[in-house]
Amino acid sequence: MNRISGTFDVKLIPQAPDAGGEASIGRMSLDKQFHGDLEAASQGQMLAFSSPVKGSAGYVAMERVSGTLSGRKGSFVLQHSGTANRSAHELKITVVPDSGTDQLTGIAGTMVIRIDGGHFYDFEYTISELTESSAE
């Protein structure tokens, strides 16, 4: 298992709800720049809902990350699922299976993000060599 950490910059841009979409569910585009052993840009979409109860909310997102990871070039997709239950927060960010391309084919892993005077990530990943039979 490889473990790396670094910083990232993020821009969230509110989007109009889809035609017929629920107005209380927010939609945003994601635009990130990762720095450190992950030098990459990402773009994605996020859906979010905030409850009338203070501190309760949820979001899901998908983002394609493209760049260099520890010297390997390629891309992969991250899937986010976050829930805030008043003061308890839970966030899961995982690499979508078989989403890796180029030198990142076979990547699997999880990411943790921290906001503490800036945006930080911790990424644990493996890259397995795919055999012809596992790619079918």
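Presented here is a report on the structure given in the accompanying data block. (Residues numbered from 1 in each chain as written. Predicted model: local features only at pLDDT ≥ 70, side-chain atom pairs only at ≥ 80, totals over all residues. Heavy atoms only, no water.)

## A few points about the overall build of the protein
Right, on to step 1. For the protein, the count of helices and strands is zero helices and eight strands.
Right, on to step 2. Each helix (α) and strand (β) of the protein, taken in turn from the N terminus, gives the series β-β-β-β-β-β-β-β.
Right, on to step 3. Overall, the C-alpha framework of the protein stretches about 50 × 35 × 25 Å when taken along its three principal axes.
Right, on to step 4. Out of the 136 residues in the protein, the part that is buried amounts to 29%.
Right, on to step 5. Put simply, of all contacts in the protein between residues at least 6 apart along the chain, 42% involve residues at least 24 apart.
Right, on to step 6. A total accessible area of about 8400 Å² is found for the protein, and carbon and sulfur atoms account for 52% of it.
Right, on to step 7. The distance from the centre of the 11 positive side-chain charges to the centre of the 16 negative ones in the protein is 7 Å. (Helix = DSSP H or I, 4+ residues; strand = E, 2+ residues; numbered from the N terminus. Buried < 20%, exposed > 50% of the residue type's maximum accessible area, 1.4 Å probe, protein only. Contact = heavy atoms within 4.5 Å. Areas by Shrake-Rupley, 256 points an atom, 1.4 Å probe, with all protein chains shown as cover. Lys, Arg positive; Asp, Glu negative; His and termini not counted. Charge placed at Lys NZ, Arg CZ, Asp CG, Glu CD.)

## Details of a nonpolar patch on the surface
Right, on to step 1. Where nonpolar side chains cluster on the molecular surface, the patch consists of Ile25, Leu47, Phe49 and Val60 and spans about 320 Å² of accessible area.
Right, on to step 2. A relative accessible area of 38% means that Phe49 is categorised as partly exposed. (Patch = residues over 30% accessible without salt bridge, like charges linked within 9 Å, V, L, I, M, F, W, Y side chains within 5 Å. Salt bridge = Lys/Arg side-chain N within 4 Å of Asp/Glu carboxyl O.)

## Examining the pattern of salt bridges
Right, on to step 1. Inspection of every chain in the model, using the stated rule, returns three salt bridges.
Right, on to step 2. Close ionic contact of Lys32 with Glu63 constitutes a salt bridge, the shortest N to O distance being 3.0 Å. Of this pair, Lys32 sits in strand β2 (residues 26-36) while Glu63 sits in strand β4 (residues 57-69), placing them 31 residues apart in sequence.
Right, on to step 3. Taking the relative accessible area as the measure of exposure, Lys32 reaches 5% and is therefore buried.
Right, on to step 4. A relative accessible area of 1% means that Glu63 is categorised as buried.
Right, on to step 5. A salt bridge links Asp122 to Arg114; the shortest N-O distance between them is 2.9 Å.
Right, on to step 6. Its relative accessible area of 25% is what places Asp122 among the partly exposed residues.

## A look at the side chain of Ser99
Right, on to step 1. When you line up the elements, Ser99 lands in the loop between β6 (88-95) and β7 (107-115).
Right, on to step 2. Polar side-chain contacts of Ser99 include one of 3.1 Å to the backbone nitrogen of Val77.
Right, on to step 3. Setting aside its immediate chain neighbours within four residues, Ser99 contacts Arg64, Ser75, Phe76 and Val77. (Polar contact = N/O pair within 3.5 Å; in protein donor to acceptor, adjacent residues only side chain to side chain.)

## Concerning the packing of aromatic side chains
Right, on to step 1. Applying the stated rule across the entire model yields four aromatic pairs.
Right, on to step 2. Centroid distance Phe76 to Phe123: 5.7 Å. Interplanar angle 15°. Geometry classified as stacked. In this pair, Phe76 sits in strand β5 (residues 72-85) while Phe123 sits in strand β8 (residues 119-127), placing the two residues 47 residues apart along the sequence. In terms of burial, Phe76 and Phe123 fall into one category: buried.
Right, on to step 3. Counting every residue linked through ring pairs, the aromatic cluster contains Phe8, Phe34 and Tyr121.
Right, on to step 4. Taking NZ or CZ as reference, Lys32 lies 5.0 Å from the ring centre of Phe8, over its face. (Phe/Tyr/Trp six-rings, centres within 6.5 Å; stacked < 30°, edge-to-face > 60°. Lys NZ or Arg CZ within 6 Å of the ring centre and 35° of its normal.)

Function cannot be inferred from these measures alone, as they are strictly geometric.
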